[in-house]
Amino acid sequence: MPAPGWSPLRRLLLRLAVLGIATSWGPADFGSRCCGTLSAEALEVKAGASLTKDEAFALLKAAGGEKAWSAFEEDHSLLEFAFSDQATFPTPSGGLPSAGKVMSESPYVTVFDDFLTEKECDFLRSFARSRLSPALVVQSGDNWYDTQTQTRNNEQHWLTPQEEKSVPALRHLLKRMHRASRVPDEHAEALQIGRYNVSTKYEGHLDTDPPHRVARPMTLIIYLADVGSGGDTLFPVGRNDCTAVWHEDKESNQRTYGAATCCATPEKDAPETVRVSPKLGRAVLFFNHRPDGSVDQQSKHIGCPVVAGEKWIAQRWFRFEPYNRVAYGIGTPGFDARFDGVPPEPALQRDSSSEGFWKVSDIGPRVFLQRSFVDDLVHSHLLRLAEATLASSGTVDECWLDPEAVVADDTLRSLAERARQFARLPPHSEAPAVLRLRRLRTGSDGEHLHRDSPPPPSAPGAGGQAAQLASVLVYLRVPADGGHVVFPEALQSKSNPLACGRVGDDAQDDLAACCASEGMLKLRPSRGDAVLLYSHDVEGKLDERSSHIVCPVAAGESLVAEFSFIFPNFVSASGGAAAKAASASQPVVEFENVRREVLQLFWVPPAGGEEAAMGELPAGPHSVRPFTSFAGHVFHVRDADGNLLQEVKVGAEPHQRVQVGGAEEL
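Computed from a predicted model, the values in this text were never measured in an experiment.

Thresholds, definitions, all that
- Residues numbered from 1 in each chain as written.
- Predicted model: local features only at pLDDT ≥ 70, side-chain atom pairs only at ≥ 80, totals over all residues.
- Heavy atoms only, no water.
- Helix = DSSP H or I, 4+ residues; strand = E, 2+ residues; numbered from the N terminus.
- Buried < 20%, exposed > 50% of the residue type's maximum accessible area, 1.4 Å probe, protein only.
- Contact = heavy atoms within 4.5 Å.
- Areas by Shrake-Rupley, 256 points an atom, 1.4 Å probe, with all protein chains shown as cover.
- Pairing = 2+ DSSP bridges.
- Axes fitted to C-alpha atoms, helices over the stretch in contact; angles between N-to-C directions.
- Disulfide = S-S within 2.5 Å.
- Expected span 1.5 Å × (residues − 1).
- Salt bridge = Lys/Arg side-chain N within 4 Å of Asp/Glu carboxyl O.
- Polar contact = N/O pair within 3.5 Å; in protein donor to acceptor, adjacent residues only side chain to side chain.
- Phe/Tyr/Trp six-rings, centres within 6.5 Å; stacked < 30°, edge-to-face > 60°.
- Lys NZ or Arg CZ within 6 Å of the ring centre and 35° of its normal.

Participant: What is the right way to look at the overall build of the chain in this model?
Facilitator: Counting its regular elements, the chain contains 13 helices and 40 strands. For the chain, with 666 residues in total, the buried portion stands at 54%. Long-range contacts, defined here as pairs at least 24 residues apart, represent 75% of the contacts in the chain between residues at least 6 apart. Accessible area of the chain: about 27,500 Å², with a carbon and sulfur share of 51%.

Right, dumping it as structure tokens:
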């Protein structure tokens with residue numbers, strides 16, 4: 001449909017502001033002079049403001065979603081909601097750190113009720129409704145996706161990176177998905193919205209297929225509507241009548257294909273069968289791979305046929321490595337200080353009414369902090385245990401409690417399971433939790449630069465190829481001065497002074513000087529808080545940037561209860577085979593923009609359909625942006641007006657470069 005009638009001047013000003021091109025008006029001037037309600041820099045509506053129909057369409061178009069306009073044309077109130085100031089969006093109860101119920105240990109399945117709000121679900125359905133197309137399934141390495149109605153016959157739509165970055169409501173709920181999974185923001189495919197009508201289904205399948213370059217460690221499914229009947233997500237463990245073949249009922253002599261009978265007979269489920277019914281806002285997080293990167297065959301699942309009504313879902317498929325490349329760093333519109341970065345240092349006494357959760361760093365290393373992880377009762381129990389167990393001499397006290405001692409104490413056993421769920425580690429009989437109690441007194445030297453994995457020789461279960469994948473540190477006492485945790489090698493750290501030394505070489509460091517250095521990632525929790533630190537990445541490989549120090553205590557005392565999850569004889573799948581399989585034979589294409597203007601890059605689906613926006617090519621001359629692709633894939637390069645400048649077809653060479661503006665095509 002034609003765009004609503006804006007004057008050419010207003011169109012130009014909006015486009016310039018959205019693209020970040022300087023004009024004589026700043027963002028504030030633009031908002032007041034042009035539209036009265038818009039923050040052009042972040043594409044957000046000012047608090048309490050309403051949009052005209054023209055302004056709503058302009059925002060949608062600026063975010064790259066103008067083809068969804070028909071769903072909002074009669075009532076654009078959902079767009080006013082979606083483009084609100086990101087900092088004003090609430091987090092529903094299912095998105096809080098304490099939410100989530102483990103439904104199964106194998107497969108590892110966790111369910112979150114009220115993960116999305118009703119309005120968020122309404123917006124996602126409307127945003128995709130007019131753009132749905134038949135769903136595709138992975139067929140082979142040469143035929144990436146194809147239609148196969150016997151296996152899957154629903155409809156779907158993939159959001160674009162531009163939409164995910166530009167729409168505040170999308171940023172808010174996507175960041176919630178990644179906080180819940182503990183997966184870095186960039187390690188995911190685009191959000192997919194799907195609709196299942198009556199009788200539509202998806203037969204039993206795995207969401208991961210490393211040999212065909214589709215390696216997905218986890219999946220998050222969110223139901224966007226209630227369903228009249230049917231539409232369960234079924235993990236048919238313990239049943240043998242759910243496979244995608246013809247089945248004959250011996251009693252009725254009727255033949256049915258696939259999981260139809262299995263889905264309709266919950267009374268025949270085995271104790272280990274997992275069945276999740278659709279409910280608006282409910283989310284299901286499950287693991288397709290084990291912690292070492294190997295595929296968990298128990299994660300095979302079925303999208304049962306819808307019997308009555310419609311089933312709407314949003315799916316986020318996480319990846320082992322950067323894929324969608326949508327991130328929200330400090331200074332970007334997507335950064336939210338309520339959840340991102342180092343939290344402000346609170347008072348030394350815990351505020352029991354606060355349940356804050358921060359993604360301190362989601363890559364290199366992965367570090368999270370939860371306020372008020374323990375209540376007063378558990379806190380007192382841990383204090384009594386520490387006082388009775390730790391030695392009373394010296395400035396550093398430490399002891400380890402083995403798994404048997406943890407299990408024997410009801411409070412510790414319950415807290416260890418909470419810590420495991422906090423770390424999103426599946427229950428594993430070979431990796432029970434061990435507890436380290438550590439006290440640093442005034443005048444202590446702190447802890448020198450080290451990594452938690454492999455675990456120290458004094459830890460129960462250490463030795464051989466043991467790996468400590470994650471640690472949850474519960475802070476019982478916090479010193480008045482000192483005791484910070486510092487990550488000198490973190491990607492966020494702007495410097496790594498020599499004073500911090502090297503791992504394993506304590507003689508060369510100066511902890512006091514290191515802790516006083518500026519520009520490094522530093523963290524100082526409060527009493528009752530918990531810090532989650534991963535020593536290994538999503539794929540199971542050791543994260544070299546997880547090295548850290550604990551600063552000397554200048555006044556007071558630090559007392560920490562650290563739950564460690566130590567996997568004996570741990571070997572990451574061939575040192576990262578899952579991600580290597582996903583990226584095998586994928587050429588890297590570098591797009592070099594020699595023009596002095598920002599250009600737009602689009603991926604062209606092999607089977608036809610809408611172009612998918614891949615983001616901007618920064619203004620040249622000679623700015624370069626690399627992409628990992630596949631031989632035979634086609635990209636379109638367009639200017640800000642949408643004019644096609646160049647079509648690029650990817651070749652088989654491992655490294656390729658194309659210049660926009662006169663160079664030969666690949």
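Participant: It is not clear to me how the sheet that holds strand S10 (residues 202-205) should be interpreted in this structure. Could you clarify?
Facilitator: Hydrogen bonds along the backbone pair up the strands of a sheet, which may run parallel or antiparallel. Spatially, 4 strands are ordered S10-S18-S13-S16 in an open sheet, and the strand pairing comes out antiparallel. Of all the strands in the sheet, just S10 and strand S16 (274-276) have a single pairing partner and so form its edges. Across the sheet, the mean angle from the axis of one strand to that of its neighbour is 10 degrees, orientation sign disregarded.

Participant: Would you explain the pairing of strand S39 (residues 644-649) in this entry?
Facilitator: Regular strands show a simple pattern: their side chains alternate between the two faces of the sheet. Strand direction decides the pairing type here: strand S38 (residues 634-638) and S39, joined by 5 bridges, are antiparallel. Each residue of the ladder has a partner; that of Val634, found in S39, is Lys649. Remark: 5 residues form the turn of the hairpin made by S38 and S39, two consecutive strands paired antiparallel; Gly642 in that turn has positive phi of roughly 90 degrees.

Participant: Before we go on, may I ask you to explain the state of the cysteines in this structure?
Facilitator: Working definition: the covalent bond between the sulfur atoms of two cysteines is a disulfide. Summed over all chains, the structure comprises 4 disulfides. Here Cys242 is linked by a disulfide to Cys262, with a sulfur-sulfur distance of 1.8 Å. Taking the sign of the torsion about the S-S bond as the criterion, the disulfide between Cys242 and Cys262, at about 60 degrees, is right-handed. Separated by 20 residues along the polypeptide, Cys242 in the loop between strand S13 (233-235) and strand S14 (246-248) and Cys262 in helix H8 (residues 260-264) bring together distant segments of the chain. The disulfide bridge from Cys515 ends at Cys551, spanning 2.0 Å between sulfur atoms. What sets the handedness of the Cys515 and Cys551 disulfide is the S-S torsion sign, and at about -105 degrees it is left-handed. Here Cys515, found in helix H12 (residues 511-516), pairs with Cys551, found in the loop between strand S31 (548-550) and strand S32 (553-555); they are 36 residues apart in sequence, far enough to count as distant. Its relative accessible area of 5% is what places Cys551 among the buried residues. Once the disulfide-bonded cysteines of the chain are ranked by sequence position, their pairing pattern turns out to be 1-2, 3-4, 5-6, 7-8.

Participant: Would you mind going over helix H5 (residues 118-129) with me for this structure?
Facilitator: Residues three or four positions apart in an α-helix share a direction because the helix packs 3.6 residues into each turn. Here H5 is 12 residues long and its end C-alpha atoms lie 16 Å apart, about the 16 Å a rise of 1.5 Å per residue gives. Turning to H5, its buried residues are Glu120, Cys121, Phe123, Leu124, Arg125, Ser126, Phe127 and Ala128.

Participant: When you look at unusual backbone geometry in this model, what are you seeing that I'm missing?
Facilitator: Leaving glycine out, the prevailing phi sign among residues is negative, and the prevailing peptide bond configuration is trans. Omega for the peptide link from Ser106 to Pro107 comes to 5 degrees, which places this bond in the cis form. Its location among the elements puts Pro107 in the loop between strand S3 (101-105) and strand S4 (108-112). Look at the link from Gly364 to Pro365: it is a cis peptide, with omega at 0 degrees. With respect to the helices, strands and loops of the structure, Pro365 is situated in the loop between strand S21 (357-362) and strand S22 (366-370). For Ser372, which is not glycine, the phi dihedral falls at a positive 50 degrees. With respect to the helices, strands and loops of the structure, Ser372 is situated in the loop between S22 and helix H9 (376-389). Taking relative accessible area as the criterion, Ser372 reaches 16% and is therefore assigned buried. One non-glycine residue with positive phi stands out, namely Asn569, at about 50 degrees.

Participant: Any chance you could explain the environment of Gly356 here in plain terms?
Facilitator: If you trace the backbone, Gly356 turns up in the loop between strand S20 (311-317) and S21. The exposure class of Gly356 is buried, given its relative accessible area of 15%. C-alpha separation for the pair Gly356 and Leu96, spaced 260 residues apart in sequence, amounts to 8.1 Å. Beyond its immediate chain neighbours, meaning those up to four positions away, Gly356 contacts Pro97, Leu369, Gln370 and Arg371.

Participant: What am I meant to see in the pattern of salt bridges here?
Facilitator: One side chain can pair with another of opposite charge once the charged atoms of both are near each other. Applying the stated rule across the entire model yields 40 salt bridges. We note a salt bridge from Glu310 to Arg195, for which the minimum N-O separation is 3.8 Å. You can see Glu310 sitting in the loop between strand S19 (306-308) and S20 and its partner Arg195 sitting in strand S9 (residues 192-196), a full 115 residues away along the chain. On the basis of relative accessible area, Glu310 is assigned to the partly exposed category, the value being 31%. Note that Asp232 is salt-bridged to Arg275, the shortest N-O span being 3.4 Å. Of this pair, Asp232 sits in the loop between strand S12 (229-230) and S13 while Arg275 sits in strand S16, and the two are 43 residues apart along the sequence. Arg275 matches Asp232 in its accessibility class, with the two residues each being buried. Put simply, Glu387, Asp397, Arg439, Arg441, Arg477 and Glu557 are held in one network by salt bridges that share partners.

Participant: What is the right way to read the pairing of strand S30 (residues 530-534) from this model?
Facilitator: Among the 5 residues that make up S30, 5 are buried, leaving the element largely enclosed by the rest of the structure. Side chains of S30 alternate between two faces, with Ala530, Leu532 and Tyr534 and Val531 and Leu533 buried alike. Across 4 bridges, S22 lies against S30 in antiparallel orientation. In the sheet register, Leu369 faces S30, and the bridge partner there is Val531. Relative to S30, strand S26 (residues 467-477) runs antiparallel, the two being bridged by 5 bridges. Following the sheet pairing, Ser471 is matched in S30 by Leu533.

Participant: What's the story with the side chain of Ser453 in this structure? I'm lost.
Facilitator: Examined against the element boundaries, Ser453 turns out to sit in the loop between strand S25 (447-450) and S26. Within the local environment of Ser453, its side chain forms a polar contact with the backbone nitrogen of Gln468, the two atoms lying 3.0 Å apart.

Participant: Please explain the packing of aromatic side chains as it appears in this structure.
Facilitator: Centre distance and the angle of the planes are the two values used to describe a pair of aromatic rings. Applying the stated criterion across every chain yields a total of 15 aromatic pairs. Summarising the aromatic geometry, the rings of Phe57 and Trp69 are spaced 5.2 Å apart at their centres and angled 85 degrees between planes, so their arrangement reads as edge-to-face. One end of the pair, Phe57, is in helix H3 (residues 53-62); the other, Trp69, is in the loop between H3 and helix H4 (77-82), with 12 residues separating them in the sequence. Through a chain of ring-to-ring contacts, the aromatic side chains of Phe357, Phe368, Phe373, Phe422 and Tyr534 assemble into a single cluster. In this arrangement the basic side chain of Arg366 is found over the ring face of Tyr534, its NZ or CZ atom lying 3.8 Å from the centre.

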